[in-house]
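# Structural characterization, general
Spelled out from the first residue to the last, the chains are:
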Amino acid sequence: MLRSYLLLIFCVTAWGSNFVFGKMLVAEFSPLFLSVMRLLFIALFLLIWAKGRLTIPKLSRRDWLLVATLGIVGVGINQWSFYKGLVTADPTTSSLILALTPVTTALLAALFLKEALTWRMGLGAVIGTAGVLFVIYTGAELHFDVGILWIVLTMLTFAVSIILVRMLGHRLPPLVTTLFSNLIGFGALLPFVFASLPQVAYSTQLSSWILLFVTAVIMHGIVTLIWNSQLQKVGAAKAAMFSNLEPFIAMLFGFFLLAKPVTLIQLFGALLIIVGVTLTTTSKEPRDHKSASPVSS
């Protein structure tokens with residue numbers, strides 16, 4: 001069990017650091033171009049991984065519609081808005097906003113899937129939202145810059161993706177859903193990249209391309225596979241508690257790599273968010289943790 005816990009900590013560390021590395025990458029690449037290249041590397045990795053493992057069932061029209069929506073909204077828009085937001089948004093603030101994904105997912109499930117909304121979920125949503133307000137408080141006023149709004153869109157599309165994965169989970173193998181949605185997301189963004197080619201910015205430094213490749217393949221591909229395998233051993237509830245460490249990992253990486261200070265008000269907001277998410281994820285109602293989604297940022 002100790003090995004599983006260490007692997008989960010490794011996964012959370014990788015995902016938490018992705019906010020800081022993403023901030024570094026948007027300084028070298030245009031967000032749209034960065035998103036497309038990341039999805040290209042992810043798709044290539046999944047195609048290699050799927051060789052000999054992929055069994056494609058017959059998909060109905062409804063299945064294709066759900067997969068296409070997942071690919072466009074949960075992968076394409078999710079990736080683009082994530083990097084678009086990091087152009088101006090602070091990595092720590094971004095990680096804390098995205099930490100609200102389980103709360104948002106529970107609310108969407110209650111609205112669209114008619115799942116019961118317990119008092120713990122409702123209280124968790126209120127406390128978590130209050131935490132976000134503290135996190136983005138600048139000391140004089142609440143500061144909603146454009147980057148934060150893009151990150152909120154990332155969080156919303158992430159929550160939508162989890163709902164779609166849940167709907168597809170009873171019909172399609174996870175690998176099929178993951179591979180097809182990433183290919184569709186890549187294809188959906190590609191025309192926009194071609195249309196903006198004269199203005200596309202990209203790095204000529206090999207180190208930047210290596211960082212892009214490594215973060216795509218390791219953090220989205222390999223780490224997700226490790227997380228899902230260990231999830232089956234320790235259970236969703238315990239794994240969810242580990243995932244709550246993700247914003248604090250982002251804080252540490254931001255402090256040491258980007259010299260980003262963390263205020264006491266932000267720490268208090270972070271604590272409220274963790275409490276809110278914990279209340280939601282420990283509810284006895286059925287739920288999916290974000291690791292079930294193939295589109296983690």
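Residues numbered from 1 in each chain as written. Predicted model: local features only at pLDDT ≥ 70, side-chain atom pairs only at ≥ 80, totals over all residues. Heavy atoms only, no water.

Now for the overall build of the chain. Tallying secondary structure elements over the chain gives twelve helices and zero strands in all. Going from N to C terminus, the chain has its helices and strands arranged as α-α-α-α-α-α-α-α-α-α-α-α. When the 297 residues of the chain are sorted by exposure, 53% land in the buried category. Pairs at least 24 apart in sequence give 92% of the contacts found in the chain among residues at least 6 apart. Split by element, the accessible area of the chain, about 13700 Å² in all, is 73% carbon and sulfur. (Helix = DSSP H or I, 4+ residues; strand = E, 2+ residues; numbered from the N terminus. Buried < 20%, exposed > 50% of the residue type's maximum accessible area, 1.4 Å probe, protein only. Contact = heavy atoms within 4.5 Å. Areas by Shrake-Rupley, 256 points an atom, 1.4 Å probe, with all protein chains shown as cover.)

Quick look at the confidence of the model for the chain now. For residues with low pLDDT, the predicted coordinates do not support detailed interpretation. For the chain, per-residue confidence averages 84 on the pLDDT scale, and residues scoring 70 or more make up 88% of the total. Mean pLDDT per element in the chain: helix 10 (residues 236-243) is the minimum at 64, and helix 3 (residues 61-86) is the maximum at 95. Segment residues 285-295: pLDDT under 50, and 38 contacts once partners within four positions in sequence are set aside and those in other chains are kept. (pLDDT = per-residue confidence, 0-100.)

Here helix 5 (residues 101-112) is twelve residues long and its end C-alpha atoms lie 16 Å apart, about the 16 Å a rise of 1.5 Å per residue gives. Of all twelve residues in helix 5, nine are buried; the element is thus mostly enclosed. Here helix 5 has its buried residues at T101, P102, V103, T104, T105, A106, L108, A109 and A110. Looking one or two residues beyond helix 5, the residue adopting positive phi is K114, at roughly 60°. (Expected span 1.5 Å × (residues − 1).)

Contact geometry of helix 3 with helix 7 (residues 146-168) gives a least axis separation of 8 Å together with a crossing angle of 155°. The angle between helix 3 and helix 7 places the two elements in the roughly antiparallel class. Here the hand of the crossing between helix 3 and helix 7 comes out left-handed. Residue composition of the contact of helix 3 with helix 7, grouped by class: 17 nonpolar, nine polar and three charged. (Axes fitted to C-alpha atoms, helices over the stretch in contact; angles between N-to-C directions. Parallel < 35°, antiparallel > 145°, perpendicular 65-115°, else oblique. Left-handed = near helix turned anticlockwise from the far one by under 90°. Nonpolar A, V, L, I, M, F, W, Y, C, P; charged D, E, K, R; others polar.)

Turning our attention to the packing of aromatic side chains. Inspection of the entire model under this criterion finds eleven aromatic pairs. Judged by centre distance (6.2 Å) and plane angle (70°), the rings of F21 and F253 are edge-to-face. Of this pair, F21 sits in helix 1 (residues 2-25) while F253 sits in helix 11 (residues 246-258), placing them 232 residues apart in sequence. Classification of F21 by relative accessible area gives buried; the value is 19%. Measuring from centroid to centroid gives 5.7 Å for W64 and F180, while their planes differ by 10°, and the two rings are stacked. (Phe/Tyr/Trp six-rings, centres within 6.5 Å; stacked < 30°, edge-to-face > 60°.)

This brings us to the nonpolar core. Across soluble globular proteins, nonpolar side chains have a tendency to be buried as a group. Within the largest apolar cluster, 56 residues are counted, with the highest numbers of intra-cluster contacts made by L34, F82, L212 and I273. In terms of residue count, the dominant contributor to this core is helix 2 (residues 31-50) (eleven residues). Once residues lying within four places of it in the same chain are set aside, the contact partners of L212 are L25, F29, L34, M37, R38 and F41. If you look at the next biggest cluster of nonpolar residues, it comprises twelve residues, including L8, W15, W227 and V234. (Core = buried A, V, L, I, M, F, W, Y, C linked by side-chain atoms within 4.5 Å.)

Here the focus is the side chain of K23. Residue placement: K23 occurs in helix 1. Those residues within four positions of K23 in sequence are excluded, and the remaining contacts are L86, V87, T88, A89, P91 and L258.

With that out of the way, let us pick up the pattern of salt bridges. Tallying each qualifying case throughout the model produces one salt bridge. A salt bridge links R171 to D63; its shortest N-O distance comes to 2.8 Å. Of this pair, R171 sits in the loop between helix 7 and helix 8 (174-195) while D63 sits in helix 3; the two residues are 108 residues apart in sequence, bridging distant segments of the chain. Residue R171 is classed as partly exposed on the basis of its relative accessible area of 46%. (Salt bridge = Lys/Arg side-chain N within 4 Å of Asp/Glu carboxyl O.)

With respect to the element layout, V160 can be found in helix 7. Distance in space between the C-alpha atoms of V160 and T104 is 8.8 Å, their sequence separation being 56 residues. With sequence-adjacent residues up to four places away left out, V160 is seen in contact with V73 and L108.

As a further point, take the side chain of T104. Within the fold, T104 resides in helix 5. With residues near it in sequence (within four places) discarded, T104 still touches M155, L156 and A159.

With that settled, the discussion passes to unusual backbone geometry. Within the chain, A259 stands out as a residue other than glycine whose phi angle is a positive 55°. Assignment of secondary structure puts A259 in the loop between helix 11 and helix 12 (264-281).

Okay, the environment of V234 next. For V234, the position within the fold is in helix 9 (residues 206-234). With 233 residues separating them along the chain, V234 and M1 place their C-alpha atoms 7.6 Å apart.

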